[in-house]
Amino acid sequence: MWQPKLIMMNGELMPLEDARLHPLSLAVTYAATVFEGVRAYHLPDSGRFALFRLDDHLRRLQVGMKLMRFDGGYEAEYLTECLTRLIRANQPDTDAYFRLLVYIEGTGLLATTGPIGFTAAVMPRKTPEFAATGMSLGVSSWQRLADNASPPRIKTTANYVNARLAAHQARVDGYDGALMLTPDGRVSEAPIACFFMVRDGKLITPSTDSNILESITRDTILTRYRELTGEPAEVRTIDRSELYFAEEAFLCGTGQEILPVTSIDRLPVGNGKVGPLTDRLRQDYFDLVRARTSDHPEWRTLI
Ligand SMILES: Cc1ncc(COP(=O)(O)O)c(C=O)c1O
(Lines give C-alpha, C1' and ligand atoms only; values in the text may rest on other atoms or scores of the structure.)
Protein backbone atom coordinates (compact mmCIF):
# COMPACT_ATOMS: atom_id res chain seq x y z
CA MET A 1 0.00 0.00 0.00
CA TRP A 2 1.36 3.44 -0.92
CA GLN A 3 2.16 5.85 1.90
CA PRO A 4 2.07 9.64 1.66
CA LYS A 5 5.41 11.39 1.97
CA LEU A 6 4.39 14.98 1.45
CA ILE A 7 1.80 17.19 3.11
CA MET A 8 0.84 20.75 2.20
CA MET A 9 0.63 23.71 4.55
CA ASN A 10 -0.42 27.11 3.21
CA GLY A 11 0.35 26.02 -0.34
CA GLU A 12 3.82 24.66 0.45
CA LEU A 13 4.68 20.98 0.10
CA MET A 14 6.79 19.54 2.90
CA PRO A 15 7.71 16.15 4.39
CA LEU A 16 4.81 14.79 6.45
CA GLU A 17 6.80 14.84 9.69
CA ASP A 18 7.67 18.55 9.31
CA ALA A 19 4.08 19.83 9.59
CA ARG A 20 3.64 22.11 12.64
CA LEU A 21 0.88 24.19 14.19
CA HIS A 22 1.32 26.36 17.29
CA PRO A 23 -0.36 24.84 20.39
CA LEU A 24 -1.67 28.31 21.30
CA SER A 25 -3.30 28.80 17.90
CA LEU A 26 -7.08 29.20 17.99
CA ALA A 27 -7.23 26.04 15.89
CA VAL A 28 -5.88 24.03 18.81
CA THR A 29 -7.18 25.98 21.80
CA TYR A 30 -10.73 26.71 20.60
CA ALA A 31 -11.15 24.21 17.73
CA ALA A 32 -11.44 27.13 15.29
CA THR A 33 -11.18 24.80 12.32
CA VAL A 34 -13.41 23.73 9.46
CA PHE A 35 -12.51 20.76 7.32
CA GLU A 36 -13.54 18.41 4.56
CA GLY A 37 -12.82 14.81 3.70
CA VAL A 38 -12.83 14.12 -0.04
CA ARG A 39 -12.31 10.79 -1.73
CA ALA A 40 -10.22 10.41 -4.88
CA TYR A 41 -11.12 7.17 -6.64
CA HIS A 42 -8.41 5.61 -8.78
CA LEU A 43 -9.57 4.84 -12.31
CA PRO A 44 -7.40 1.91 -13.41
CA ASP A 45 -8.11 2.30 -17.15
CA SER A 46 -6.79 5.84 -17.39
CA GLY A 47 -4.60 5.94 -14.26
CA ARG A 48 -6.41 9.16 -13.31
CA PHE A 49 -8.31 10.01 -10.13
CA ALA A 50 -11.95 11.02 -9.83
CA LEU A 51 -12.51 13.40 -6.91
CA PHE A 52 -16.14 12.89 -5.98
CA ARG A 53 -18.25 16.06 -5.65
CA LEU A 54 -15.21 18.20 -4.90
CA ASP A 55 -17.05 21.43 -5.79
CA ASP A 56 -19.78 20.64 -3.24
CA HIS A 57 -17.21 19.91 -0.54
CA LEU A 58 -15.46 23.21 -1.24
CA ARG A 59 -18.78 25.09 -1.18
CA ARG A 60 -19.58 23.68 2.26
CA LEU A 61 -16.09 24.63 3.43
CA GLN A 62 -16.66 28.22 2.24
CA VAL A 63 -19.84 28.53 4.30
CA GLY A 64 -18.01 27.07 7.30
CA MET A 65 -15.27 29.72 7.01
CA LYS A 66 -17.90 32.44 6.69
CA LEU A 67 -19.93 31.30 9.70
CA MET A 68 -16.76 30.96 11.78
CA ARG A 69 -15.83 34.53 10.71
CA PHE A 70 -12.40 33.60 9.40
CA ASP A 71 -10.40 36.51 7.94
CA GLY A 72 -10.16 36.24 4.17
CA GLY A 73 -10.52 32.67 2.97
CA TYR A 74 -9.39 30.59 0.04
CA GLU A 75 -10.91 30.43 -3.42
CA ALA A 76 -12.19 27.02 -4.52
CA GLU A 77 -10.00 27.19 -7.67
CA TYR A 78 -6.88 27.70 -5.58
CA LEU A 79 -7.72 24.80 -3.24
CA THR A 80 -8.45 22.55 -6.23
CA GLU A 81 -5.06 23.43 -7.68
CA CYS A 82 -3.41 22.67 -4.30
CA LEU A 83 -5.10 19.25 -4.03
CA THR A 84 -4.00 18.47 -7.58
CA ARG A 85 -0.38 19.34 -6.77
CA LEU A 86 -0.54 17.30 -3.57
CA ILE A 87 -1.86 14.12 -5.16
CA ARG A 88 0.62 14.35 -8.04
CA ALA A 89 3.47 14.84 -5.58
CA ASN A 90 2.52 11.72 -3.61
CA GLN A 91 1.83 9.46 -6.61
CA PRO A 92 -0.73 7.09 -5.07
CA ASP A 93 -1.47 3.96 -7.04
CA THR A 94 -4.82 3.16 -5.40
CA ASP A 95 -7.80 5.09 -3.99
CA ALA A 96 -6.89 8.09 -1.88
CA TYR A 97 -8.61 10.28 0.68
CA PHE A 98 -7.94 13.98 1.18
CA ARG A 99 -8.30 15.82 4.41
CA LEU A 100 -8.41 19.57 3.97
CA LEU A 101 -8.43 21.72 7.11
CA VAL A 102 -8.73 25.52 7.28
CA TYR A 103 -8.12 27.09 10.68
CA ILE A 104 -7.02 30.12 12.61
CA GLU A 105 -3.32 29.64 13.01
CA GLY A 106 -2.96 32.91 14.88
CA THR A 107 -2.80 32.95 18.67
CA GLY A 108 -4.99 35.20 20.77
CA LEU A 109 -8.30 35.41 22.54
CA LEU A 110 -11.54 33.62 21.72
CA ALA A 111 -12.89 36.02 19.09
CA THR A 112 -9.62 36.35 17.13
CA THR A 113 -10.38 35.94 13.41
CA GLY A 114 -6.95 35.42 11.83
CA PRO A 115 -4.50 34.91 10.38
CA ILE A 116 -5.87 31.74 8.87
CA GLY A 117 -3.95 28.84 7.40
CA PHE A 118 -4.68 25.51 5.76
CA THR A 119 -3.35 21.97 5.67
CA ALA A 120 -4.07 19.45 2.94
CA ALA A 121 -3.12 15.82 3.40
CA VAL A 122 -3.67 12.78 1.21
CA MET A 123 -3.72 9.25 2.57
CA PRO A 124 -4.80 5.75 1.64
CA ARG A 125 -8.25 4.80 2.87
CA LYS A 126 -9.57 1.30 2.70
CA THR A 127 -13.15 0.21 2.42
CA PRO A 128 -14.63 0.62 5.89
CA GLU A 129 -15.18 -2.37 8.12
CA PHE A 130 -18.73 -3.82 8.06
CA ALA A 131 -19.27 -2.74 4.44
CA ALA A 132 -20.12 -6.27 3.33
CA THR A 133 -21.62 -7.76 6.48
CA GLY A 134 -23.51 -4.82 7.97
CA MET A 135 -23.12 -3.25 11.39
CA SER A 136 -24.89 -2.95 14.71
CA LEU A 137 -25.92 0.46 16.01
CA GLY A 138 -26.89 1.51 19.50
CA VAL A 139 -28.96 4.64 20.12
CA SER A 140 -26.69 6.92 22.11
CA SER A 141 -27.58 8.73 25.30
CA TRP A 142 -25.41 11.58 24.01
CA GLN A 143 -27.70 13.98 22.15
CA ARG A 144 -26.74 15.40 18.79
CA LEU A 145 -25.69 19.03 18.99
CA ALA A 146 -28.41 21.61 18.46
CA ASP A 147 -28.21 24.02 15.53
CA ASN A 148 -28.28 27.08 17.78
CA ALA A 149 -25.52 25.69 20.02
CA SER A 150 -22.78 24.35 17.72
CA PRO A 151 -24.31 23.97 14.25
CA PRO A 152 -23.92 20.43 12.89
CA ARG A 153 -24.62 21.91 9.43
CA ILE A 154 -20.99 23.05 9.17
CA LYS A 155 -18.08 20.69 9.39
CA THR A 156 -16.19 22.25 12.25
CA THR A 157 -13.73 20.27 14.32
CA ALA A 158 -15.52 21.40 17.48
CA ASN A 159 -18.58 19.29 16.58
CA TYR A 160 -16.56 16.11 16.76
CA VAL A 161 -16.29 16.24 20.54
CA ASN A 162 -19.99 15.36 20.55
CA ALA A 163 -19.40 12.70 17.88
CA ARG A 164 -16.48 11.11 19.78
CA LEU A 165 -18.47 10.84 22.98
CA ALA A 166 -21.18 8.92 21.17
CA ALA A 167 -18.67 6.76 19.29
CA HIS A 168 -16.88 5.78 22.50
CA GLN A 169 -20.11 5.03 24.32
CA ALA A 170 -21.10 2.70 21.47
CA ARG A 171 -17.75 0.94 21.64
CA VAL A 172 -17.93 0.48 25.42
CA ASP A 173 -21.48 -0.86 25.07
CA GLY A 174 -20.39 -3.39 22.44
CA TYR A 175 -21.97 -1.85 19.32
CA ASP A 176 -20.22 -1.25 16.02
CA GLY A 177 -21.49 2.33 15.96
CA ALA A 178 -23.77 4.95 17.48
CA LEU A 179 -26.93 6.64 16.32
CA MET A 180 -27.68 10.00 17.92
CA LEU A 181 -31.01 11.65 18.61
CA THR A 182 -31.89 15.35 18.59
CA PRO A 183 -32.53 17.04 21.95
CA ASP A 184 -36.28 16.36 21.42
CA GLY A 185 -35.67 12.67 20.82
CA ARG A 186 -35.91 12.36 17.01
CA VAL A 187 -33.39 10.44 14.94
CA SER A 188 -30.48 12.62 13.88
CA GLU A 189 -27.30 11.01 12.54
CA ALA A 190 -24.31 8.85 13.36
CA PRO A 191 -21.03 10.41 14.57
CA ILE A 192 -19.53 10.61 11.08
CA ALA A 193 -22.34 9.57 8.74
CA CYS A 194 -26.00 10.20 7.89
CA PHE A 195 -28.80 7.70 8.38
CA PHE A 196 -31.33 6.14 5.99
CA MET A 197 -33.99 3.52 6.64
CA VAL A 198 -36.56 1.71 4.55
CA ARG A 199 -40.12 1.30 5.75
CA ASP A 200 -42.95 -0.18 3.69
CA GLY A 201 -40.49 -0.26 0.79
CA LYS A 202 -39.87 3.52 0.93
CA LEU A 203 -36.58 5.19 1.58
CA ILE A 204 -36.65 7.65 4.49
CA THR A 205 -34.00 9.95 5.94
CA PRO A 206 -34.10 12.62 8.68
CA SER A 207 -34.67 16.14 7.37
CA THR A 208 -32.01 18.82 7.73
CA ASP A 209 -33.81 20.28 10.75
CA SER A 210 -32.80 17.10 12.64
CA ASN A 211 -29.37 18.59 13.51
CA ILE A 212 -27.46 16.78 10.77
CA LEU A 213 -24.54 17.70 8.59
CA GLU A 214 -25.85 18.54 5.13
CA SER A 215 -24.14 15.47 3.80
CA ILE A 216 -23.06 15.32 0.19
CA THR A 217 -23.42 11.54 0.10
CA ARG A 218 -26.96 11.85 1.49
CA ASP A 219 -27.74 14.22 -1.37
CA THR A 220 -26.22 11.75 -3.85
CA ILE A 221 -28.44 8.95 -2.49
CA LEU A 222 -31.57 11.13 -2.55
CA THR A 223 -30.87 12.16 -6.14
CA ARG A 224 -30.12 8.64 -7.34
CA TYR A 225 -33.10 7.10 -5.57
CA ARG A 226 -35.36 9.55 -7.38
CA GLU A 227 -33.65 8.85 -10.70
CA LEU A 228 -33.69 5.08 -10.28
CA THR A 229 -37.21 4.64 -8.91
CA GLY A 230 -39.01 7.70 -10.28
CA GLU A 231 -40.14 8.48 -6.70
CA PRO A 232 -38.72 10.94 -4.19
CA ALA A 233 -37.52 9.55 -0.86
CA GLU A 234 -39.28 10.72 2.29
CA VAL A 235 -37.25 13.45 3.98
CA ARG A 236 -38.81 14.09 7.37
CA THR A 237 -38.40 13.71 11.10
CA ILE A 238 -38.11 10.11 12.29
CA ASP A 239 -39.27 9.16 15.78
CA ARG A 240 -36.98 6.86 17.72
CA SER A 241 -39.60 4.13 17.94
CA GLU A 242 -39.93 4.11 14.15
CA LEU A 243 -36.41 2.71 13.94
CA TYR A 244 -37.72 -0.66 15.04
CA PHE A 245 -40.15 -0.75 12.08
CA ALA A 246 -37.28 -0.48 9.59
CA GLU A 247 -36.96 -3.20 6.97
CA GLU A 248 -33.51 -1.95 5.98
CA ALA A 249 -31.14 0.72 7.19
CA PHE A 250 -27.76 2.12 6.24
CA LEU A 251 -25.29 4.90 7.02
CA CYS A 252 -23.68 7.05 4.36
CA GLY A 253 -20.81 9.50 4.12
CA THR A 254 -17.74 10.24 2.06
CA GLY A 255 -15.43 8.21 4.27
CA GLN A 256 -17.97 5.56 5.29
CA GLU A 257 -19.46 5.28 1.80
CA ILE A 258 -22.58 3.10 2.24
CA LEU A 259 -22.62 0.93 5.37
CA PRO A 260 -25.55 -1.44 5.86
CA VAL A 261 -27.05 -1.51 9.36
CA THR A 262 -28.34 -4.91 10.38
CA SER A 263 -29.35 -4.29 13.99
CA ILE A 264 -30.32 -1.34 16.19
CA ASP A 265 -30.30 -1.66 19.98
CA ARG A 266 -29.70 -5.41 19.47
CA LEU A 267 -32.99 -5.78 17.58
CA PRO A 268 -32.64 -7.00 13.99
CA VAL A 269 -33.35 -4.55 11.19
CA GLY A 270 -35.74 -6.47 8.91
CA ASN A 271 -34.39 -10.00 8.67
CA GLY A 272 -31.02 -8.93 10.06
CA LYS A 273 -29.30 -9.17 6.67
CA VAL A 274 -28.14 -6.53 4.19
CA GLY A 275 -31.30 -5.39 2.40
CA PRO A 276 -31.91 -5.39 -1.38
CA LEU A 277 -32.45 -1.63 -1.72
CA THR A 278 -29.33 -0.92 0.34
CA ASP A 279 -27.40 -3.27 -1.92
CA ARG A 280 -28.74 -1.66 -5.08
CA LEU A 281 -27.98 1.88 -3.90
CA ARG A 282 -24.51 0.80 -2.83
CA GLN A 283 -23.68 -0.71 -6.18
CA ASP A 284 -25.01 2.35 -7.93
CA TYR A 285 -22.90 4.59 -5.67
CA PHE A 286 -19.72 2.71 -6.56
CA ASP A 287 -20.57 2.87 -10.27
CA LEU A 288 -20.90 6.63 -9.92
CA VAL A 289 -17.76 7.33 -7.90
CA ARG A 290 -15.65 4.96 -10.00
CA ALA A 291 -16.98 6.40 -13.27
CA ARG A 292 -18.41 3.05 -14.39
CA THR A 293 -21.47 4.98 -15.50
CA SER A 294 -21.57 8.12 -17.61
CA ASP A 295 -24.30 9.56 -15.35
CA HIS A 296 -23.49 12.78 -13.49
CA PRO A 297 -20.07 13.57 -14.96
CA GLU A 298 -20.35 16.94 -13.16
CA TRP A 299 -19.83 15.09 -9.86
CA ARG A 300 -16.37 13.85 -10.83
CA THR A 301 -13.32 16.10 -11.01
CA LEU A 302 -10.68 14.18 -12.99
CA ILE A 303 -7.03 14.72 -12.22
C1 LIG B 1 -21.30 14.23 11.32
C2 LIG B 1 -21.28 13.78 9.91
N3 LIG B 1 -22.45 13.53 9.28
C4 LIG B 1 -22.47 13.13 8.00
C5 LIG B 1 -21.32 12.95 7.27
C6 LIG B 1 -21.37 12.60 5.83
O7 LIG B 1 -21.12 13.77 5.07
P8 LIG B 1 -20.60 13.70 3.60
O9 LIG B 1 -21.52 12.80 2.86
O10 LIG B 1 -20.71 15.11 3.10
O11 LIG B 1 -19.22 13.20 3.64
C12 LIG B 1 -20.08 13.17 7.88
C13 LIG B 1 -18.85 12.94 7.16
O14 LIG B 1 -18.12 13.80 6.86
C15 LIG B 1 -20.06 13.61 9.23
O16 LIG B 1 -18.89 13.85 9.85
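What counts and what doesn't
As a convention, each chain's residues are numbered from 1 in the sequence order in which they are written. Given that the model is predicted, a residue must reach a pLDDT of at least 70 before its local features are reported, and side-chain atom pairs must reach 80 or more before they are shown or counted; all residues, however, enter totals for whole chains, interfaces and linings. Side-chain numbers come from the whole structure's heavy atoms, not from hydrogens or water. The angle between two axes is taken between their N-to-C directions and runs from 0 to 180 degrees, where each axis is a line fitted to C-alpha atoms and a helix contributes only its stretch in contact. The secondary structure listing takes helices from DSSP runs of H or I that are at least 4 residues long and strands from runs of E that are at least 2 residues long, numbered from the N terminus. Working rule for angles: under 35 degrees goes down as roughly parallel, over 145 as roughly antiparallel, 65 to 115 as roughly perpendicular, anything else as oblique. Contact criterion: two residues are considered in contact whenever any of their non-hydrogen atoms come within 4.5 Å of each other. One heavy atom suffices: a residue is near a molecule or strand as soon as one of its heavy atoms comes within 4 Å of it. Polar contact criterion, stated in full: a pair of N or O atoms within 3.5 Å, where within protein one must be able to donate a hydrogen and the other to accept it, and residues adjacent in sequence count only if both atoms are side-chain atoms. Surface exposure here means Shrake-Rupley accessible area, sampled with a 1.4 Å probe, where a residue is shielded only by the protein chains that are shown. Note that Gly is not counted as nonpolar here; it falls among the polar residues with everything else outside the nonpolar set of Ala, Val, Leu, Ile, Met, Phe, Trp, Tyr, Cys and Pro and the charged set of Asp, Glu, Lys and Arg. We define a nonpolar core as any set of buried Ala, Val, Leu, Ile, Met, Phe, Trp, Tyr and Cys residues linked to one another through side-chain atoms lying within 4.5 Å. The classification of residues rests on relative accessible area computed with a 1.4 Å probe and restricted to protein chains. Under 20% of the type maximum is buried, over 50% is exposed, and intermediate values are partly exposed. For the purposes of this description, domain bounds are those given by an automatic or database domain assignment. We define buried area as the total accessible area lost by two parts upon association, computed with a 1.4 Å probe and summed across both. Counted as salt bridges are all cases of a side-chain nitrogen of Lys or Arg within 4 Å of a carboxyl oxygen of Asp or Glu.

1. Some thoughts on the packing of helix α5 (residues 216–229) against helix α6 (residues 276–289)
Right, so step 1: Between α5 and α6, the shortest axis-to-axis distance is 11 Å and the interhelical angle comes to 110 degrees. Between α5 and α6, the crossing angle belongs to the class labelled roughly perpendicular. Contacts between α5 and α6 pair Thr217, Thr220, Ile221, Arg224, Tyr225, Leu228 and Thr229 from the former with Leu277, Arg280, Leu281, Asp284, Tyr285 and Leu288 from the latter.

2. Things to note about the site of the ligand
Right, so step 1: Taken together, the neighbourhood of the ligand is formed by 16 residues, with Lys155, Tyr160, Glu189, Thr217 and Thr254 sitting nearest.
Right, so step 2: Arg60 has a polar side-chain atom sitting 2.8 Å from an oxygen atom of the ligand.
Right, so step 3: At 2.5 Å from an oxygen atom of the ligand is found a side-chain nitrogen or oxygen belonging to Tyr160.
Right, so step 4: Burial of the ligand by the protein chains amounts to 95% of its free accessible area of 380 Å².
Right, so step 5: Where the shell around the ligand is concerned, the elements lending two or more residues are α5 and β12 (248–253).
Right, so step 6: Considered class by class, the residues forming the shell around the ligand number eight nonpolar, four polar and four charged.

3. Re the nonpolar core
Right, so step 1: Counting residues in hydrophobic clusters, the biggest one holds 30 residues, and the most contacted among them are Leu51, Leu61, Phe70, Phe98, Val102 and Phe118.
Right, so step 2: When contributions to this core are tallied by element, the ones reaching two or more residues are β3 (33–43), β4 (48–52), α2 (54–67), α3 (76–90), β5 (96–104) and β6 (116–124).

4. What to know about the domain arrangement of the protein
Right, so step 1: Each assigned domain of the protein is listed here: domain 1 (6–124) and domain 2 (135–289).
Right, so step 2: Between the C-alpha centres of domain 1 and domain 2 there is a distance of 26 Å.
Right, so step 3: At the junction of the two partners, domain 1 supplies 19 residues and domain 2 supplies 20 residues.
Right, so step 4: Contact between domain 1 and domain 2 buries roughly 1700 Å² in total, counting both sides, with carbon and sulfur atoms accounting for 62%.
Right, so step 5: Its largest share of buried area at the contact with domain 2, domain 1 owes to Phe35, Phe52 and Arg60, together 36% of the area lost on that side.
Right, so step 6: Here domain 1 is connected to domain 2 by two salt bridges.
Right, so step 7: One salt bridge in this structure joins Glu257 and Arg39, with 3.4 Å as the shortest N-O distance.
Right, so step 8: Remark: the boundary between domain 1 and domain 2 carries 11 residue pairs in polar contact (both at pLDDT 80 or more).
Right, so step 9: Within the residue set of the side of domain 1 that touches domain 2, elements represented by two or more residues are β3, β4 and α2.
Right, so step 10: With eight residues, the top contributor of residues to the side of domain 1 that touches domain 2 is β3.

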